[in-house]
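Descriptive analysis of the structure
Letter by letter, the chains look like this.
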Amino acid sequence: MVRRAQVILTDSTYPQIASSPERTRLEEGRPILFGVVLALLGGLLLVAGKIPFLGRLPGDIVIRRENWSVYFPLTTSILISILLTLLLSLFNRR
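Heads up: these notes are all about the structure in this document. Note that this is a predicted model, so its numbers are computed, not measured.

Rules used in this analysis
The written sequence of each chain sets the order in which its residues are numbered from 1. Residues qualify for local features only when their pLDDT is at least 70, as the model is predicted, and side-chain atom pairs are given and counted only at 80 or more; totals for whole chains, interfaces and linings, by contrast, use all residues. As a convention, hydrogens and water are excluded, and side-chain values are obtained from all of the structure's heavy atoms. Only DSSP runs of H or I reaching four residues or more are called helices, and only runs of E reaching two or more are called strands; each is numbered from the N terminus. With a 1.4 Å probe rolled over the protein chains alone, any residue whose accessible area is under 20% of its type maximum counts as buried; one over 50% counts as exposed, and the rest are partly exposed. In this analysis, two residues are considered to be in contact whenever any of their non-hydrogen atoms come within 4.5 Å of each other. Residue-level accessible areas treat just the shown protein chains as cover; the underlying method is Shrake-Rupley with a 1.4 Å probe. Each cavity reported here is a set of points on a 1 Å grid over the protein atoms alone in which a 1.4 Å probe fits but cannot get out, each pocket an open set with protein on both sides within 12 Å along at least five of seven lines, and each lining residue one with an atom within 4 Å of a point. Grid points are joined across faces, edges and corners, and a volume is the space filled by probe spheres set on the points. Residues are grouped as follows: Ala, Val, Leu, Ile, Met, Phe, Trp, Tyr, Cys and Pro are nonpolar; Asp, Glu, Lys and Arg are charged; every other residue, Gly included, is polar. Strands pair, by our definition, only if DSSP identifies at least two bridges between them.

Here we come to the overall build of the protein. What the protein contains, in helices and strands, is two helices and four strands. N-terminal to C-terminal, the α/β element order of the protein is β-β-α-β-β-α. Here the protein holds 94 residues, and 6% of them are scored as buried. Excluding contacts between residues fewer than 6 apart, the proportion of contacts in the protein whose partners are at least 24 apart in sequence is 8%. Carbon and sulfur atoms make up 65% of the accessible area of the protein, which totals about 8,900 Å².

In structure tokens, the structure reads:
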């Protein structure tokens with residue numbers, strides 16, 4: 001089923017999109033859920049520095065020279081990606 005948005009032209013400079021009557025209550029609450037998840041992830045990032053192994057896994061690339069250093073958390077990024085994929089797939093099941 002393809003939903004199509006209708007653009008309503010008004011006196012304002014920005015067009016308004018008409019809400020579809022087929023939207024369910026769950027779909028209307030998704031932006032709020034997304035905001036809550038985003039806030040929780042932000043809080044997790046504040047606490048993440050206190051987790052001892054996060055960012056120091058084998059496979060994380062660290063290059064240190066005399067005046068500069070480069071840090072690329074490759075393994076940590078892959079691990080976080082897998083965990084978020086599993087978590088989000090649980091929420092998106094219907």
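Each pocket or cavity is described by its volume, and for the second largest pocket that value is around 330 Å³. Lining of the second largest pocket is provided by Leu41, Leu44, Leu45, Ala48, Ile51, Phe53, Leu54, Leu79, Ile80, Leu83 and Leu84. Counting only elements with at least two residues in the lining of the second largest pocket, the list comes to helix H1 (25-48) and helix H2 (74-91). Classifying every residue of the lining of the second largest pocket by side-chain character gives eleven nonpolar, no polar and no charged.

This paragraph deals with the pairing of strand S4 (residues 69-72). Where strand S3 (residues 61-64) lies against S4, four bridges are found, and the strand directions are antiparallel. In the strand pairing of S4, Val62 is matched with Tyr71.

This part is about the side chain of Thr76. Examined against the element boundaries, Thr76 turns out to sit in helix H2. In this structure Thr76 comes out as buried when scored by relative accessible area, which is 6%. In this view, Thr76 contacts Leu54, Gly55, Leu57 and Asp60; residues no more than four positions away in its chain are not counted.

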